[in-house]
Amino acid sequence: MNTFLFITALIISVIIITVFLKEIKSDEKTKPSELVSNVRSVARGMTVFMFSVAITDKFNFIDFGMYSGTYTFMGIVCMAVYILCIINSKRRIPIISFAVKTILTAFVLEMTLFNIPSYRLWFGDYNTVTYEASRSIIDKGGIYRRNQKDIAVQNGNELVLTFPDIDRPVSTVYADITFVGNTRAVDFSIDANDETTIVPRREISKDIISRKQLQTQYLQCELSGKVTDLKVRLKPQNFGTVYVNSITINMPVLFEISWIRFLLIVILSVFIHAVLKGGFMQKSVNENRRFCRNIAVCITATACIWAVWVTNYRIDDNTWKEEFTKTEGSQVTQQLVDAFSDGRTYLVEEPNDALNSFDNPYDKQHREAELVPQFENDYYYTYAWDHVYFNEKFYSYYGIAPVVLLFLPYHLITGYYFPESAAVLIFAIIGIIGLSFLFMKFMRKFFPTIPTGMFIISLVIIQMVSGIWYSIGRPLFYEVAMSAGFAFMTWAFYFLISANIIGTGKISLPKTAVSSFLFAVAVLSRPTTVLYCICAAVFMICALPRFSHKKLFNKKSIRYLACAVLPMACLGIIQMYYNYARFGSPFEFGIQYSLTINDFRNTQFHWQLSLIPFWNYLFNAPVFSAKYPFVSADFQDMSVGGFFYNDYPSTHNVCGLFFLALPMFAYFLSGKAVRTLDGKKVKKSLYIALPCVIIPLIIICSVWESGYSIRYMTDFAWQMLLGAYVIIFRLYLTNKNPTVKKIINIFFCFSLVWTVYVSGIQSVNQAFRYCDGHLDYPEIAYEIKKILLFWK
């Protein structure tokens, strides 16, 4: 009966969408016949009915069995198409017709092809048989609990259940299990024979059961004929515990709707169609100024919501109240806070005599081999990663701005330590918003005639590959520095452009001062950004002649210099004093004294080592696979014979920036773009080359000492992409060939799809990372697999 109702509802939904599509495509000037009017009225009535059914399905007023969720999908899609029909009747919008066609196509695909496993048992002689725990033969690894009538699998042991003499075709094997404690996933596999062999094939089908995904308890089998002997293997990951209640053979697979897949198909298809077909999306940013602003707000809001969702999901079983009432923290969130509270620059923890008397405490391998403890109260060896050791004191080389602006005030007010996860989130959101503001200002000032579609694609790509997502995905004290630097740097560049330091227009002194201040704060957060600060200072000095008429220095130019120099100088003096108070030199940040991967005091530069980060950060190609994680990148050591640190498995590798954002390949056309410039080509080129190429390359190559980590991409990814945009936008605007312009539009559309897939999957995998085959968040991995592996 349920199957009959499902088929009926599916047919009705397709008819409803088709009727609305015909109405949208019809000529509104021609009055429809009475039959057509009646059909449309029935379609509207059935839409309301289907939406009512959707509500009963969504809130479980009616149990639709294996079809639960499909009625919600059908009702919402029918209602959405109805709404589009109403909008079209009031204002004819050509894209609506294509949108409804796309919705119909995606709807049919979702209900048929993408749920093909659920149809399998409709065809063939597959009888459902359930084996309760009491009827199961335990080979090893489990204990039958008579009172509870289940089998306990404890401490990560592998349970093997044998089912002989089945003598029937097997399409699915369903494991009814109960998760215990913090167990998140179970390795699930079967050994089976069929009519092609009498010897069971080991792990002929296998997958992972996720605690939060009922669908993962099904294991599909593609076997030949009848199965005689079957073994089921269940092994909780990470020494977990589960209770096995029963095993069912040929249990019908539940229908499962992927809203993400459906929306991606519809939104990307409709958007690309709008971009390529001309019209509204081909109008310039200036012409669609209000629309561009609104769509930028939507893109930025979406990014911020995703950042909040990821952070909230990652705090796992904790509550935000627990996060904000922490009584201990990390080197940045607690140790520096305690030091500053006591008026000290060194940390509270005291090195013990063994470390103080060690011949070279900076030699990591020697120190670990001798098991030298670091802290005074250590009774066993404890390695305090990345502490700075100088003159028998511990220091921190991390920037003080996040401590002074956030962690210290919070501790003084509440007595608790501010959580790293919330700090990274706050700074990341500030930076995401700042990046959108910067990009909007960048486009309006320098490329206001670029098509709207290209503008939207460019904003989406730069937000996706900015690098901040790798910090959100692992919010430790390292990422606090990265996200804080990102937050202040994006806004610093925004005010730099808004102040008209670059380009034409009257220079704004207040905005110049704000920009100068934010560049300095960025350095106090992330010392690596000092190169961008120096770059900004050079640009500000180059703008000085615009205040000079007869002589270089006058009242206006002096006021300008005060706004440009004083904020940087004041905060720079604070940083230099802080450096001098710790290490006796205003220019020493302390990195060479850190107890970390290497003895930085004695490291020697070899240009070959810089090839490693240069290739991995920029040109390392993605590896595509038909299994999770689908897109990855292998770390390339370039066959260099020397020590180079790779931050794995703490974080996984990602492909190079040129393959995360395809517009980066525009750099290979930079010579052609320069030739299109009018006058002062060298000066104009330097305004792009310095912040977008030279400084990022210096940062990348300097990684030879500290090692490869994907979080460093925040220091250069969005800056380099902005430079690539300048090149490709310049070539687009100066080219008069409509065919070339169309090719560039197609390239941008392809780049959008590529970035959504390649960068999107890698960013999600980093946020919910996996290690050694064990998934930290198996339910997230399953959501990705569900989108792509629709046949499973």
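Up top is the structure these notes are about.
Residues numbered from 1 in each chain as written. Predicted model: local features only at pLDDT ≥ 70, side-chain atom pairs only at ≥ 80, totals over all residues. Heavy atoms only, no water.

(A) Representation of a positive patch on the surface in the model. Taken together, the side chains of K506, K555, K556 and R559 make up a positively charged region of the molecular surface. By the element assignment, K506 lies in the loop between α16 (477-498) and α17 (509-525). Residue K506 is classed as exposed on the basis of its relative accessible area of 76%. (Patch = residues over 30% accessible without salt bridge, like charges linked within 9 Å, V, L, I, M, F, W, Y side chains within 5 Å. Areas by Shrake-Rupley, 256 points an atom, 1.4 Å probe, with all protein chains shown as cover. Salt bridge = Lys/Arg side-chain N within 4 Å of Asp/Glu carboxyl O. Lys, Arg positive; Asp, Glu negative; His and termini not counted. Charge placed at Lys NZ, Arg CZ, Asp CG, Glu CD. Helix = DSSP H or I, 4+ residues; strand = E, 2+ residues; numbered from the N terminus. Buried < 20%, exposed > 50% of the residue type's maximum accessible area, 1.4 Å probe, protein only.)

(B) Highlighting the nonpolar core. Counting residues in hydrophobic clusters, the biggest one holds 174 residues, and the most contacted among them are F519, Y725 and F729. In this structure F519 touches M489, A492, F493, L496, Y532, C533, A536 and M568, once residues within four positions along its chain are discounted. Judged by nonpolar contacts, the second largest core, of 38 residues, contains F6, L10, F73 and L104. (Core = buried A, V, L, I, M, F, W, Y, C linked by side-chain atoms within 4.5 Å. Contact = heavy atoms within 4.5 Å.)

(C) Seen up close, the environment of G142. For G142, the position within the fold is in the loop between β2 (137-140) and β3 (143-145). As a C-alpha pair, G142 and V153 span 11 residues in sequence and 4.9 Å in three-dimensional space. G142 has contacts with I151, A152 and L159, leaving out every residue within four places of it along the chain.

(D) Quick peek at the sheet that holds strand β16 (residues 594-595). With respect to topology, 3 strands assemble into an open sheet ordered β15-β14-β16, the strand pairing being antiparallel. The open sheet has two edge strands with one neighbour each: β15 (393-395) and β16. The pairing of strand β14 (residues 387-390) with β16 spans 2 bridges and is classified as antiparallel. Within β16, the position partnered with H387 by the bridge is L595. (Pairing = 2+ DSSP bridges.)

(E) Layout of the pairing of strand β7 (residues 172-180). The sheet contact formed by β7 and strand β10 (residues 218-220) spans 3 bridges and is antiparallel. In the sheet register, V173 faces β10, and the bridge partner there is L219. Bridge analysis of β7 against strand β13 (residues 241-249) gives 8 bridges, and the strand direction is antiparallel. Paired with V173 across the strands is I249, a residue of β13.

(F) Main features of the environment of S330. Summarising the element assignment, S330 is placed in the loop between α8 (320-323) and α9 (331-341). Residue classification places S330 among the buried residues on the basis of a relative accessible area of 12%. Residues S330 and E420, spaced 90 residues apart in sequence, show a C-alpha to C-alpha distance of 8.3 Å. When sequence neighbours within four positions are dropped, the list of residues in contact with S330 reads Q335, E420 and F477.

(G) Here's a closer look at the sheet that holds β2. The strand order across the open sheet formed by 5 strands is β2-β5-β12-β8-β9, and the pairing between neighbours is antiparallel. What marks the edges here is a single partner per strand, and that holds for β2 and β9 (197-210). Taken over all neighbouring pairs, the strand axes of this sheet differ in orientation by 25° on average, direction set aside. Relative to strand β5 (residues 159-163), β2 runs antiparallel, the two sharing 3 bridges. Bridge pairing links K140 to V160 in β5. (Axes fitted to C-alpha atoms, helices over the stretch in contact; angles between N-to-C directions.)

(H) Inspection of the pattern of salt bridges at higher detail. In total, this model carries 25 salt bridges according to the counting rule given. Residue E479 pairs with R474 through a salt bridge whose shortest N-O separation is 2.9 Å. For the pair formed by E479 and R474, the shared burial category is buried. The shortest N-O distance in the salt bridge between R474 and D647 comes to 3.5 Å. Taken as a pair, R474 in the loop between α15 (469-472) and α16 and D647 in the loop between β18 (631-632) and α21 (657-660) lie far apart in primary sequence, 173 residues in all.

(I) The arrangement of the packing of aromatic side chains in detail. Using the criterion set out here, one finds 77 aromatic pairs in the structure. Ring centres of Y346 and Y395 lie 6.5 Å apart, and the angle between their planes is 85°; this geometry places the pair in the edge-to-face category. In this pair, Y346 sits in the loop between α9 and α10 (353-356) while Y395 sits in strand β15, placing the two residues 49 residues apart along the sequence. Relative accessible area serves as the criterion here: at 26%, Y346 is assigned to the partly exposed category. Cluster of aromatic residues (ring-pair linked, three or more members): F439, F442, F446, F447, F455, Y725, F729, F747 and F748. In this arrangement the basic side chain of R145 is found over the ring face of Y243, its NZ or CZ atom lying 3.7 Å from the centre. Cation over ring: K393 sits above Y346, and NZ or CZ is 4.6 Å from the ring centre. (Phe/Tyr/Trp six-rings, centres within 6.5 Å; stacked < 30°, edge-to-face > 60°. Lys NZ or Arg CZ within 6 Å of the ring centre and 35° of its normal.)

(J) Region of the structure containing the pairing of strand β8 (residues 185-194). The element β8 is extensively covered by neighbouring structure, given that 9 of its 10 residues are classed as buried. In the sheet, β8 pairs with β9 via 8 bridges, with the strands oriented antiparallel. Its bridge partner lying in β9, S189 is registered against K206. With 7 bridges connecting them, β8 and strand β12 (residues 230-236) associate as antiparallel partners. Looking across to β12, one finds that S189 is bridged to R233.

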